[in-house]
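# Structure assessment
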Amino acid sequence: MRLLLIEDDAELSRSLQADLANAGYVVETATDGELGEFLGATEPYDAVILDVGLPKLSGLEVLRQWRQTDNRVPVIVITARDAWFEKVDGFKAGADDYVCKPFHPQELLARLQAILKRVNNLNQAKLKVLGVELDEDEQTAVVAGNTAHALTAIEFRLLRYFMLNAGKVLSKAQLSEHIYSESAEPDSNVLEVYVKRLRKIVGSELIQTRRGQGYLFGFKA
Amino acid sequence: MMSLQKRLGRGLMAVLCAIFVLHWFAADWVIRSAAEKQMANRLADDGYSLLETLTYSDDDRVSFDSFHISSVYNRRLSGHYYLVKVDAHAYPSPSLLDFPLAVEPVGPDQSKRYHLTGPRGSPLLVLTLGAVRFGHRINISVAEDLSAVDHDITSIRLAYFGLTMLILFSAIGILRRDIRRSLQPLLAVGRELEQVAGGTRQKIDSDVPEEIVPLVAEINHLLELIVRRLQQSRTALGNLAHALKSPITLLLRASEASLLDAHPELRVQLNTQTEIIHRYIERELKRARIAGDQPAATAFNPRREMIALKKTLRAIYAGKPLDIQVTAPNHQVHFDREDMMEILGNLLDNACKWASKQVDVELSLQDGLVIRVADDGPGCEREDLSHLTQRGQRLDEAMQGHGLGLGIVADIVEGYHGQLAFGRSKTLGGFLATVSLPLRR
């Protein structure tokens, strides 16, 4: 496994390099953003460990440039800036994981192993059933390749439950359990209203009413 | 304090009313004098006509001939009278019917105009001319009843009064409108300040009159200063954190060194103390970063940020099959983004840590911002709930990742004068954290 470590603190870089080498990785290092960006863009690494606070080019900017050119190399961001908005901005820029300083070297190694394991099946937050594609992160639905339709929280929950249970008859009680949240008070009419709204989005033939039993998500037999 | 509009309005109205009253009296006086002057001219004509008719008879008597002047002086109580005095002898006009007209004597070649009360109490204007003829002092008084003129003047006065009132009221109306229009920019500034307080605006940019330009400039300057100070202190703290954390990482690594295998107690000590320093820095830095309830907060879109946060947590907890359900409004909300992300991140992180597979996040805007984070984990016993936010304050008790987050949330909530409550989720059965932040005001 070949790794790129981009870290400007020479002492930390040296010690991390030693730890990573001990764990059996081949490690190359860069001490500034520009060099790191160049190396990451030209050499095939299995993963990159990227410090955010770098001279010349910030870590997030390096990451953004790679992601813009469709470089999908797994990146673990290490940073001293650990406010949640910074973590979120880091992930928005395309980070795969985030380790806050200070950290135990074992923690970084564990994260690295985890990321190498799941790098191939990450970003599969999409559910696709009967021509309906549900993006679980964005809470949007795409029906028959049309434009994405933003769903409200309850619509999303209901549709997802339908899609996860396609072909099964679902009772109203069962469905209610899956759409109500902390602040909502159960009301039997609400469910019908939401089913009606979902029919408008995914097409009315896809959600059938079974009298006395409940609803069924799936094509007419 | 009285509003400027009222104050200006009242002052101007008082001045206007005073001016109009004075003006009305002046005009009234002018009208009356003009009428009397005209009347006096006529009286003078008659008086001089009488004077012309004076004749001297041989027995040293002066007599006059009233035949040549208007016949009204002969009609009884016609309203036109004369009284000719030759020395001590008085010759009243027949129209006077023996009414004793108390005329005032004047010297030769003088004349006097004055008012008297005539027969039946009628007001008279009297003109007395003085002359010396044939060695005798002669006073000729001619009088005319003013009633008719008074009547005319009264109607003119009324008409003029109406006209004056009309002009006064239109002037007041126009002035009020003008005052309101002139105060418009001030009201606009007031509205913009409200928007600034509400967070929808960062500075005042109305086109204001030059008198309040310095005021607006100063307010804008202060607003900018608040934003810059916050930015500066946040940057400085970030830099400090950055500078301190690499050495701490190295200390932590040093505690793992094989050299310490022989001294396990030293390793534990090094490790624990480093952790304590770290917690301490962490806590104080995070506290210092809280923006709190301040007018310069930039807006953020809860739904968009929650979706990004959800992705982040899914990545952080990649080893755990978590189902994070999000309900959040899809429009701008005026609370500081960093603070809100810190609250949400900590509550969600906590929930993800304890949840077995489900986390439910709800953001709603009613009277304020309400955040509910629930999980299906083991929850927390009632007696422990009150200690939750205190954990992490005693640094030696703080375990990695436990308590500190909720303590920060409590600090932020306090900064916004909000409320933080913990309990058990009724839908998921686990822990429920509820944060309510009032809307600014």
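Coordinates for the structure precede this section.
These numbers were taken from a predicted model, which means no experiment stands behind them.

In this section: the environment of Gly418 of chain B. Residue and element names in this part refer to chain B. With respect to the secondary-structure elements, Gly418 resides in the loop between helix H8 (404-415) and strand S11 (419-424). Considered as a pair, Gly418 and Pro438 are 20 residues apart in the sequence and their alpha carbons are 6.0 Å apart. Non-local contacts of Gly418, meaning those with residues more than four positions away in its chain, are made with Val413, Ser436, Leu437 and Pro438.

As a further point, take the pairing of strand S12 (residues 431-438) of chain B. Residues and elements named next belong to chain B. Counting buried residues in S12 gives six out of eight residues, a clear majority hidden from the surface. Inspection of the sheet shows strand S10 (residues 368-375) paired to S12 by seven bridges, in the antiparallel sense. Across the sheet, Val373 pairs through a bridge with Ala433, a residue of S12. Bridge analysis of S11 against S12 gives six bridges, and the strand direction is antiparallel. Among the inter-strand pairings, Gly423 is bridged to a residue of S12, identified as Leu432.

Right, let's get into helix H2 (residues 33-42) of chain A. Residues and elements named next belong to chain A. Taken as a whole, H2 has its buried residues at Gly33, Gly36, Glu37, Leu39 and Gly40. Down the axis of H2, the buried side of the element spans an arc of 165°, and every buried residue falls inside it. Elements in contact with the buried residues of H2: strand S1 (2-6), strand S2 (26-30) and helix H3 (59-68). Regarding H2, its N-cap is Asp32, as a side-chain oxygen of that residue lies 3.0 Å from the backbone nitrogen of Glu34 further along.

Once that is clear, we can look at the side chain of Asp375 of chain B. Residue and element names in this part refer to chain B. Looking at where Asp375 falls in the secondary structure, it is placed in strand S10. Buried within the structure, Asp375 lacks any salt-bridge partner; Arg424 is the closest side chain of opposite charge, at an N-O distance of 7.7 Å. A distance of 2.7 Å separates the side chain of Asp375 from the backbone nitrogen of Gly377, its partner in a polar contact. Those residues in contact with Asp375, other than ones at most four positions away along the chain, are Ala351, Trp354, Ala355, Gln358, Val359, Ser425, Leu428, Gly429, Gly430 and Phe431.

What counts, and at which threshold
Residues numbered from 1 in each chain as written. Chains lettered and ligands numbered in written order. Predicted model: local features only at pLDDT ≥ 70, side-chain atom pairs only at ≥ 80, totals over all residues. Heavy atoms only, no water. Helix = DSSP H or I, 4+ residues; strand = E, 2+ residues; numbered from the N terminus. Contact = heavy atoms within 4.5 Å. Buried < 20%, exposed > 50% of the residue type's maximum accessible area, 1.4 Å probe, protein only. Pairing = 2+ DSSP bridges. Arc of directions from axis to C-beta. Polar contact = N/O pair within 3.5 Å; in protein donor to acceptor, adjacent residues only side chain to side chain. Lys, Arg positive; Asp, Glu negative; His and termini not counted. Salt bridge = Lys/Arg side-chain N within 4 Å of Asp/Glu carboxyl O.

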